[in-house]
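Survey of secondary and tertiary structure
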Amino acid sequence: MFFSLVVLFFHVTYANGSIVEPPDSVFTKIRKDTITKPKGKKVLQSNSKSVQKVINWFTKKDILSGPERFYEVEEAPLQFTPYAGKTIQSIKVVRLKPFGYRIEDTTYIPRRSIQKLGNSTHILTSKRLVLNSILFKEGDKVNAVDFAESEQLLRAGFYFEDVRIIPELVQSDTNSVRITIITKDVWTLSAGVRIDNAKSNQIALQERNMGGYGVGLLGRLYYDADKPGKWGYWTTIQLPYIGKSYIDGSLWYRRGLGYDSYYLNLKRDFYSSKAKYAFGATYRSSLEPYRMITKDSIISVSYKLREAWLGRTFRVSRRSLVKPPINLSISAKVRSLDYFTSPEVGAESNPYFHNVEQLFGSVALSNQSIFRSSLIYSFGSTEDIPVGFKVQATSGIERSQFQRRFMVGSEMSAAEITPVGYLYLSMRLGGYLAEGPALEQAEINIQSNYISNLFFINNTGIRQFLRLNFTRGISRFDGEREYIDLENRSGVRGLYTRELIGQARFFANFETVAYSPHYFYGFRSALFLFCDLGLIGPSSDLIYNFPLYSGFGLGLRLKNESLIFPTFLIRFGYYPRIPSDGTVAYWLFSTEQRQRFEDFRMKEPALLSFE
């Protein structure tokens, strides 16, 4: 039995010190009078008093102590367009602590003693970190795209709940503007305990914003009475945006319970549409246990990984202060992987454990705009929605201990805000060309994500989610990582089995989410219904000939946006068909991380993973 208990350095508080009404439609503006139509009220009725009490609480209209807030989806640069081309005279940073403050109204202050206590023990994120993260400075001309992407960069950090950049005309000089950046911190200290059974457990302590400089520190202590040594630990240090270089650094070390591993990484992504250069370097040396899927056993493996890459972008569209550019990107990467201890390998056996040297080259054409909204994957804070397209081709040479092969891969992806919601489509291909020529270890992946507009029943926001995914392997080898599965995150959530593996898979995840407007000590709830359907089998057969596996159920998510802790999840499921060796989570209490939108920036060259 799995039991998870999160021990919090906990400050209970109402979010922003008040109850906040749900945002408006995410993709099209919903008129306020549509919330209270009689037809909408009749949908939620029950003869059961207990059920009706739950419905009444979940759809309760809370009284706001401040102005009502409604969001509609908008293209983020549009709010800055009227100021485009004007000179930035000054930049002011206003920083708000996590509890009792409202980013929409900086005059709002905490009133409860527990809010003040929580804020007194929190160190505000430094102004230097804020100024190092933005894409403009005093004396620059206002570029609407830079402003929108600066908000996105700040919100992407682990230390802000929300961010606003507000330009204001200088009365004495209408060609100049003053900029105010408002940030609201999250509580970034957390601790947790996980108890799997009486013989196995772990303790974690994490601070994601040490001293207010964005430095992340994580420590975990492991205990397992059935393993040699019984104790183990893992420490991590993360350094964001070193100086104003936009370089991130991370270092971790793990030892004990079969591990002796360390990892070092420095990287600078294409963080914005104006970024010209990106690069990264990784070094990893590891001795670690590996769970064999094909043989149901745990072995010890040791290896060293070294890789480095460099990329450059070129603007190919007209320069604009209000429209994001179309960029042409080129990049190259070298990668070396050496195994010292591994399972038995052969030319077509366990290729995952082959010693390889790889040289990649990649070229891409991309464009990305940013839209803003709320109540999608968050529980009220602003979300940035990338919209655009990317076409990328990757090629290279791999030299392993057995043969030399060419690597080929491609990606076409796009997302758009349509009249009926958000739609994302992608198609990815990858594989090897051996002598002959012969296609080896290839695959194709097609994915589509749909998110509906937000509509209301009484005061409860409702949204539909749909995810479709099809993967087929072509000329795959034997051994580890040459099969895909259909369990839990790879198809049917809550289903665990070693039997459902293959080389062709299709799954569909349906979810209906209802966001309650009600806050309880800063936590907001979202009730959801889900249906997962999946097919898996060998690549030699048609996908619809495989048996259908499914899961149905409902659950509840709880999240306080002022805290860094992940979303709490309670879920109940029903599974009509269970494999002979399978187990299912009929009920689950756990946590889950917030999902992220796919973006369209150039990434480091790599082949598509078969997973």
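None of these values were measured; they are calculated from a predicted model.

1. Digging into the overall build of the protein
Scanning the protein for helices and strands turns up five helices and 30 strands. In the protein, which comprises 611 residues, the share counted as buried stands at 51%. Here the analysis covers contacts within the protein between residues at least 6 apart in sequence; of these, 63% occur between residues at least 24 apart. Total accessible area on the protein is roughly 29100 Å²; 58% of this is exposed by carbon and sulfur atoms.

2. Side note on the pairing of strand 10 (residues 248–256)
Pairing analysis gives eight bridges linking strand 9 (residues 231–239) to strand 10, with the strands arranged antiparallel. Within the sheet, the bridge partner assigned to W234 lies in strand 10 and is R254. Relative to strand 11 (residues 259–268), strand 10 runs antiparallel, the two being bridged by nine bridges. The partner of S250 across the bridge, within strand 11, is N265. The antiparallel pairing of strand 10 with strand 11 creates a hairpin that spans two residues between the two strands, and L257 there sits at a positive phi of about 55 degrees.

3. A closer look at empty space enclosed by the protein
Scanning the model with the defined rule gives four cavities of 30 Å³ or more in all. In this model, the second largest cavity occupies a volume close to 100 Å³. As for the second largest cavity, its lining consists of 14 residues, of which S272, S273, N327, S366 and R601 are closest to the centre. Elements that contribute at least two residues to the lining of the second largest cavity include exactly strand 14 (326–341) and strand 15 (356–373). A total of three residues in the lining of the second largest cavity trace back to one element, the largest contributor, which is strand 15. Split by residue class, the lining of the second largest cavity holds five nonpolar, eight polar and one charged.

4. Things to note about the sheet that holds strand 5 (residues 173–185)
Pairing in this open sheet of three strands is mixed, and the strands run 3-5-4 from one edge to the other. Both outer strands of the open sheet, strand 3 (87–96) and strand 4 (160–170), are each paired with one neighbouring strand and no more. Along the sheet, successive strands turn relative to each other by an average axial angle of 15 degrees, direction set aside. Of the strand pairs in this sheet, strand 3 and strand 5 are connected by nine bridges, and their pairing is parallel. Residue pairing in the sheet places K92 in a bridge with T180 of strand 5.

5. Describing the pairing of strand 19 (residues 438–452)
Among the 15 residues of strand 19, 11 are classified as buried, and the element is accordingly described as predominantly covered. Across 13 bridges, strand 18 (residues 421–434) lies against strand 19 in antiparallel orientation. Residue pairing for strand 19: L429 is matched across the bridge by I444. Hairpin connection, strand 18 to strand 19: the antiparallel pair is bridged by three residues, and G436 has positive phi, about 145 degrees. Where strand 19 and strand 21 (residues 460–474) come together, 10 bridges link them in antiparallel fashion. Across the sheet, N449 pairs through a bridge with R467, a residue of strand 21.

6. Overview of the confidence of the model for the protein
With 88% of its residues at a pLDDT of 70 or more, the protein shows a mean pLDDT of 86. Considering only residues more than four positions removed or in separate chains, one finds that residues 1–46, a stretch of pLDDT under 50, has 146 contacts. Long-range and interchain partners of residues 57–71, a stretch whose pLDDT sits below 50, account for 59 contacts in this model, where long-range means more than four residues apart.

7. Considering the packing of aromatic side chains
Enumeration according to the criterion identifies 23 aromatic pairs in this entry. With a centroid separation of 6.3 Å and 40 degrees between ring planes, the pair formed by F528 and F530 is classed as tilted. Considered together, F528 and F530 belong to a single accessibility category, that of buried residues. Aromatic rings pair up to connect Y290, Y303, Y339, Y352 and F353 into one cluster. Sitting over the face of the ring of Y108, R111 holds its NZ or CZ atom 4.5 Å from the ring centroid. In this structure, R405 is placed above the aromatic ring of Y432, and the distance from its NZ or CZ to the ring centre is 3.8 Å.

8. Overview of the nonpolar core
Formed by 25 residues in total, the largest nonpolar core has its most connected members in I376, I385, Y422, I451, F465, Y515 and F597. If you list the elements that add at least two residues to this core, you get strand 16 (383–400), strand 17 (404–418), strand 18, strand 25 (504–520) and strand 26 (523–537). Of the residues forming this core, the biggest block, three residues, is contributed by strand 26.

9. Things to note about helix 3 (residues 113–120)
Turning to helix 3, its buried residues are Q115, G118 and N119. The buried residues of helix 3 all sit within an arc of 95 degrees when viewed along its axis, so they share a single face. Facing away from the buried surface of helix 3 by more than 90 degrees, the exposed residues are S113 and S120.

Criteria and thresholds
- Residues numbered from 1 in each chain as written.
- Predicted model: local features only at pLDDT ≥ 70, side-chain atom pairs only at ≥ 80, totals over all residues.
- Heavy atoms only, no water.
- Helix = DSSP H or I, 4+ residues; strand = E, 2+ residues; numbered from the N terminus.
- Buried < 20%, exposed > 50% of the residue type's maximum accessible area, 1.4 Å probe, protein only.
- Contact = heavy atoms within 4.5 Å.
- Areas by Shrake-Rupley, 256 points an atom, 1.4 Å probe, with all protein chains shown as cover.
- Pairing = 2+ DSSP bridges.
- 1 Å grid on protein atoms, 1.4 Å probe; cavity = no way out; pocket = protein on both sides within 12 Å on 5 of 7 lines; lining within 4 Å.
- Points joined across faces, edges and corners; volume = space filled by probe spheres on them.
- Nonpolar A, V, L, I, M, F, W, Y, C, P; charged D, E, K, R; others polar.
- Axes fitted to C-alpha atoms, helices over the stretch in contact; angles between N-to-C directions.
- pLDDT = per-residue confidence, 0-100.
- Phe/Tyr/Trp six-rings, centres within 6.5 Å; stacked < 30°, edge-to-face > 60°.
- Lys NZ or Arg CZ within 6 Å of the ring centre and 35° of its normal.
- Core = buried A, V, L, I, M, F, W, Y, C linked by side-chain atoms within 4.5 Å.
- Arc of directions from axis to C-beta.

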